[in-house]
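The primary structure of each chain is shown beneath.
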Amino acid sequence: MTTHGDGSWRRSTLITHHIDHPPQVKALVDELFETLIEGGRGDYEAKIEAEYASPGEQCRHYDYGDGVLSLIAVPAPDADTMHLTHLVYGGCTTHQIRQDLVQRGLGSLGITWVYPPDAVLPDDDS
């Protein structure tokens with residue numbers, strides 16, 4: 001995706017959605033993380049990018065806590081900064097995730113837990 005000096009980049013729902021909204025926070029449950037990382041770190045990173053990154057978005061992967069933190073962002077119109085769209089945590093504890101979010105000034109964001117497609121979830125009796 002290219003940036004246009006005429007402001008047409010603002011008409012993109014992808015960019016305007018992420019500029020106007022905080023990034024999505026995804027945490028892979030251990031079972032899913034272990035399945036995705038089985039093929040090695042490069043394979044894991046490719047799968048995360050395929051699942052969460054849209055065309056034009058850039059991904060960076062870092063060792064964090066007990067696992068991996070993947071940051072996905074779209075270039076800002078000034079091309080000097082990036083707008084964060086997703087933080088994907090794999091193999092990290094809830095405490096590690098929350099600590100990272102607080103350090104980023106995003107401590108109030110909710111965490112969406114991602115399960116394997118064949119996972120059987122217990123009934124919520126609350």
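Look up a bit, the structure's there.
Note that residues are indexed from 1 along each chain, following the sequence as it is written. Residue-level local features of this predicted model are given only where pLDDT is at least 70; pairs of side-chain atoms are given and counted only at 80 or more, and the full residue set underlies all totals for whole chains, interfaces and linings. As a rule here, side-chain values come from all non-hydrogen atoms in the structure, and water together with hydrogens is ignored.

Some points on the overall build of the protein
Thinking step 1. Helix and strand assignments come from DSSP, with helices taken as H or I runs of at least 4 residues and strands as E runs of at least 2, each series counted from the N terminus. Secondary structure assignment for the protein yields four helices and five strands.
Thinking step 2. Only protein chains enter the accessibility calculation, which uses a 1.4 Å probe; a residue is then buried when its area is under 20% of its type maximum, exposed when over 50%, and partly exposed in between. For the protein, buried positions account for 39% of its 126 residues.
Thinking step 3. We call two residues in contact when some of their heavy atoms are within 4.5 Å. Intrachain contacts of the protein at a sequence separation of at least 6 include 47% that bridge at least 24 residues.
Thinking step 4. Here the open area of atoms and residues is found with the Shrake-Rupley method and a 1.4 Å probe, where only the protein chains shown may cover a residue. Looking at the protein as shown, the accessible area adds up to about 7600 Å², and 49% of this sits on carbon and sulfur atoms.

Describing the pairing of strand E1 (residues 24-28)
Thinking step 1. Of all five residues that make up E1, four are buried, and the element is covered over most of its length.
Thinking step 2. Of the pairings in the sheet, the one linking E1 to strand E4 (residues 82-90) comprises five bridges and is parallel in character. Pairing of Gln24 across the sheet is with His86, part of E4.
Thinking step 3. Two strands form a pair only when DSSP identifies at least two bridges running between them. The pairing of E1 with strand E5 (residues 112-114) spans three bridges and is classified as parallel. Paired with Lys26 across the strands is Thr112, a residue of E5.

Describing the sheet that holds E5
Thinking step 1. Here we have five strands laid out as an open sheet, ordered E2-E3-E4-E1-E5, and mixed in their pairing. Edge strands, defined here as strands with exactly one partner in the open sheet, are strand E2 (58-64) and E5. Neighbouring strand axes in the sheet, compared pairwise and without regard to direction, differ in orientation by 25 degrees on average.
Thinking step 2. In this structure, E2 lies alongside strand E3 (residues 67-75), joined through seven bridges in antiparallel fashion. Axes here mean lines fitted to C-alpha atoms, for a helix over just the part in contact, with angles spanning 0 to 180 degrees between N-to-C directions.

Description of the pattern of salt bridges
Thinking step 1. Salt bridges are counted wherever a side-chain nitrogen of Lys or Arg sits within 4 Å of a carboxyl oxygen of Asp or Glu. Tallying each qualifying case throughout the model produces four salt bridges.
Thinking step 2. A salt bridge links Arg41 to Asp63, with the nearest nitrogen and oxygen atoms 2.5 Å apart. Linking Arg41 in helix H3 (residues 41-52) with Asp63 in strand E2, this pair joins segments that are 22 residues apart in sequence.
Thinking step 3. Residue Arg41 is classed as partly exposed on the basis of its relative accessible area, which comes to 29%.
Thinking step 4. The salt bridge partner of Asp100 is Arg104, with a shortest N-O separation of 2.9 Å.
Thinking step 5. The structure contains a network of salt bridges with shared partners spanning Arg41, Glu45 and Asp63.

Here we look at the packing of helix H2 (residues 30-37) against H3
Thinking step 1. Viewed as axis vectors pointing N to C, H2 and H3 meet at an angle of 115 degrees, and their least axial separation amounts to 8 Å. Side by side, H2 and H3 meet where Phe33, Leu36 and Ile37 of the first sit next to Arg41, Asp43, Tyr44, Lys47 and Ile48 of the second.
Thinking step 2. Three residue categories are used. Nonpolar comprises Ala, Val, Leu, Ile, Met, Phe, Trp, Tyr, Cys and Pro, charged comprises Asp, Glu, Lys and Arg, and polar comprises the others, including Gly. Of the residues in the contact of H2 with H3, the class split is five nonpolar, no polar and three charged.

Points about the environment of Leu109
Thinking step 1. Tracing the backbone through its elements, the reader meets Leu109 in the loop between helix H4 (94-103) and E5.
Thinking step 2. Taking C-alpha positions, Leu109 is 7.4 Å from Val25, a pair spaced 84 residues apart along the chain.
Thinking step 3. Apart from residues lying up to four places away in sequence, Leu109 is in contact with Pro22, Pro23, Val25, Arg98 and Leu101.

Points about the side chain of Ser70
Thinking step 1. Structurally, Ser70 is set in strand E3.
Thinking step 2. Here Ser70 falls in the buried class, since its relative accessible area comes to 0%.
Thinking step 3. Within 3.5 Å is the distance limit for a polar contact, defined as a pair of N or O atoms, with the added protein rule that one can donate a hydrogen and the other accept it, and that residues adjacent in sequence qualify only through two side-chain atoms. Among the polar contacts made by the side chain of Ser70, one reaches the side chain of His61 at a distance of 2.7 Å.
Thinking step 4. Not counting chain neighbours up to four residues away, the residues in contact with Ser70 comprise Tyr44, Ile48, Arg60, His61, His86, Leu87 and Val88.

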